[in-house]
Amino acid sequence: MRYDFGSDNTAGMAPSALKALGEANAGYARAYGADEITQRAADQIRQRLDADAEVRFVFSGTAANAIALSMLAQPHEAVLAHHAAHICTDETGAPGFFGHGVGLIGLPGFSGKIEPLALTAALEEPVVGHRQPAAALSVTQCTEYGAVYSEEELRHLIEPVKLRGFGVHMDGARLANAAAAGFDLTQIARLGVDILVFGGAKAGAHCTEAIVMFDKALARRIDNRLKQAGQTASKARFLAAPFLGLLESGDWEGGAAHANLMARRLAEGIASRSAFVLAHPVEANAVFVRMPQEAHARLNALGWACYMFDDGSVRFVCSWATEPDVVDELVEAIATL
């Protein structure tokens with residue numbers, strides 16, 4: 001089975017990330033994030049966001065998201081999110097676990113983008129003693145269906161939430177792909193996002209993500225919180241080093257731009273050469289195709305790993321490592337189904 005398009009997690013580490021990891025292994029360094037590599041990587045993130053934020057590196061996106069949400073909502077409260085968001089569908093209740101009972105309220109919207117009217121309706125729900133009231137909003141950039149929110153779209157979601165005094169979290173597991181698609185990273189803090197998960201794993205790092213706290217009040221005793229959650233690395237430089245390599249080399253953006261380009265190549269090939277139609281606009285590095293189960297099974301049998309997604313479409317994901325000739329090979333396989 002070939003996993004070239006199974007996920008952007010199936011690719012290895014980008015050369016610049018792997019090189020930085022090897023360099024971090026030389027000699028000795030201060031432990032628990034007090035080292036120069038961790039500081040330089042955090043500075044690179046702050047520069048891209050144009051924000052004086054607190055940055056911590058953790059072992060997984062699930063932990064990053066769940067810990068972030070636990071800072072924004074109390075155990076008796078809930079977080080508003082798209083019903084297909086990763087926190088709702090793929091984290092096995094981690095937000096509730098880390099948040100000691102924090103709930104999730106799923107909202108509809110095409111291509112993973114929250115429908116503003118649905119958000120308005122949820123915000124207008126009366127607070128009663130029998131269910132968890134909303135206390136925060138989570139948005140995913142880019143979405144689980146590869147859509148990229150515009151600055152204006154995010155503003156329409158965030159402003160009414162902030163007017164109610166609620167917090168805002170952004171899941172940026174594929175933030176590099178959104179940036180490569182034209183999204184201005186410097187607007188995240190200005191739009192009112194309180195806490196961001198800055199993605200590394202899908203951009204070519206190993207399994208590390210960064211928690212970025214624009215609201216520094218959230219960082220109070222953050223190191224205690226992370227330690228209790230098992231997310232404090234003694235050799236923290238090994239979490240930060242791949243970020244440093246990707247960011248200092250420009251490969252964080254460059255790899256994502258390549259992935260986006262390969263997704264467009266794949267989408268154009270499928271649209272022009274096969275009988276299948278695209279289920280969602282291709283704005284980042286993911287392609288979703290309307291394909292009968294029999295055709296999907298035949299493609300798997302030919303050795304191509306791809307997965308049926310929540311809406312019934314088949315997902316193909318490109319990465320920094322996707323090669324043009326392999327894209328063309330996949331298009332040929334799909335065209336023969």
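The structure we're discussing is the one just above.
Read on for an overview of the structure. Keep in mind that this is a model prediction, so the values were computed, not measured. (Residues numbered from 1 in each chain as written. Predicted model: local features only at pLDDT ≥ 70, side-chain atom pairs only at ≥ 80, totals over all residues. Heavy atoms only, no water.)

A few points about unusual backbone geometry
- Of note, the bond from Q141 into C142 is cis; its omega dihedral lies within 30 degrees of zero at -5 degrees.
- The phi dihedral of D50 falls on the positive side, at around 50 degrees, and the residue is not glycine.
- Relative to the assigned elements, D50 resides in the loop between α2 (36-49) and β1 (54-58).
- Assessed through its relative accessible area of 46%, D50 is described here as partly exposed. (Helix = DSSP H or I, 4+ residues; strand = E, 2+ residues; numbered from the N terminus. Buried < 20%, exposed > 50% of the residue type's maximum accessible area, 1.4 Å probe, protein only.)

What to know about the packing of helix α1 (residues 15-24) against helix α11 (residues 237-249)
- Between α1 and α11, the least distance of the axes is 7 Å, while the angle of their chain directions is 135 degrees. The angle between α1 and α11 falls in the class oblique. As for how α1 packs across α11, the hand of that crossing is right-handed. Here α1 contributes S16, A17, A20, L21 and A24 to the contact with α11, which in turn contributes R237, F238, A241, P242, G245, L246 and S249.
- When grouped by side-chain class, the residues that make up the contact of α1 with α11 number eight nonpolar, three polar and one charged. (Axes fitted to C-alpha atoms, helices over the stretch in contact; angles between N-to-C directions. Parallel < 35°, antiparallel > 145°, perpendicular 65-115°, else oblique. Left-handed = near helix turned anticlockwise from the far one by under 90°. Contact = heavy atoms within 4.5 Å. Nonpolar A, V, L, I, M, F, W, Y, C, P; charged D, E, K, R; others polar.)

Quick word on the packing of aromatic side chains
- Summed over the entire model, instances satisfying the criterion amount to eight aromatic pairs.
- Look at Y145 and F309: their rings are 5.1 Å apart centre to centre, the planes differ by 85 degrees, and that puts the pair in the edge-to-face class. One end of the pair, Y145, is in the loop between β4 (134-140) and α7 (151-163); the other, F309, is in the loop between β10 (307-308) and β11 (314-317), with 164 residues separating them in the sequence.
- For Y145, a relative accessible area of 5% corresponds to the buried category.
- The rings of F57, F198, F243 and W252 are connected pair by pair, giving a single aromatic cluster. (Phe/Tyr/Trp six-rings, centres within 6.5 Å; stacked < 30°, edge-to-face > 60°.)

What about the side chain of Q141?
- Looking at the element boundaries, Q141 is found in the loop between β4 and α7.
- A residue is classified by how much of its surface remains accessible, and Q141, at 0% relative accessible area, is buried.
- A distance of 2.9 Å separates a polar side-chain atom of Q141 from the backbone nitrogen of Y149.
- Residue contacts for Q141: discarding those within four places in its chain leaves A147, V148, Y149, L154, M170, D171, G172, R174, L175, A178 and F183. (Polar contact = N/O pair within 3.5 Å; in protein donor to acceptor, adjacent residues only side chain to side chain.)

Focus on the environment of G61
- One can find G61 in helix α3 (residues 61-72).
- When the C-alpha atoms of G61 and S150 are compared, they prove to be 23 Å apart, with 89 residues separating the residues in sequence.
- Once you skip the residues sitting within four places of it in the chain, G61 turns out to touch E91 and E209.

Remarks on the layout of surface pockets
- Looking at the largest pocket, its volume works out to about 560 Å³.
- Around the largest pocket, the lining comprises 30 residues; the ones closest to its centre are S7, N9, H86, R174 and K202.
- Going through the elements one at a time, α3 and α4 (86-89) are the ones with two or more residues in the lining of the largest pocket.
- When residues in the lining of the largest pocket are grouped by element, the largest group, three residues, is from α3.
- Of the residues in the lining of the largest pocket, the class split is nine nonpolar, eleven polar and ten charged.
- Considered as a void within the structure, the second largest pocket measures approximately 310 Å³ in volume.
- Lining the second largest pocket are 13 residues, and of these S70, F98, H100, R225 and Q228 lie nearest its centre.
- Secondary-structure elements contributing two or more residues to the lining of the second largest pocket are α3, α5 (94-98) and α10 (222-228).
- If you tally residues by element for the lining of the second largest pocket, the top one is α3, at three residues. (1 Å grid on protein atoms, 1.4 Å probe; cavity = no way out; pocket = protein on both sides within 12 Å on 5 of 7 lines; lining within 4 Å. Points joined across faces, edges and corners; volume = space filled by probe spheres on them.)

Quick look at a nonpolar patch on the surface
- Among the surface-exposed residues, M1, Y3 and Y307 lie close enough to one another that they form a single nonpolar patch of about 340 Å² accessible area.
- Note that Y3 resides in the segment before α1.
- A relative accessible area of 43% means that Y3 is categorised as partly exposed. (Patch = residues over 30% accessible without salt bridge, like charges linked within 9 Å, V, L, I, M, F, W, Y side chains within 5 Å. Areas by Shrake-Rupley, 256 points an atom, 1.4 Å probe, with all protein chains shown as cover. Salt bridge = Lys/Arg side-chain N within 4 Å of Asp/Glu carboxyl O.)

Keep in mind that these numbers describe shape and distance, not what the molecule does.
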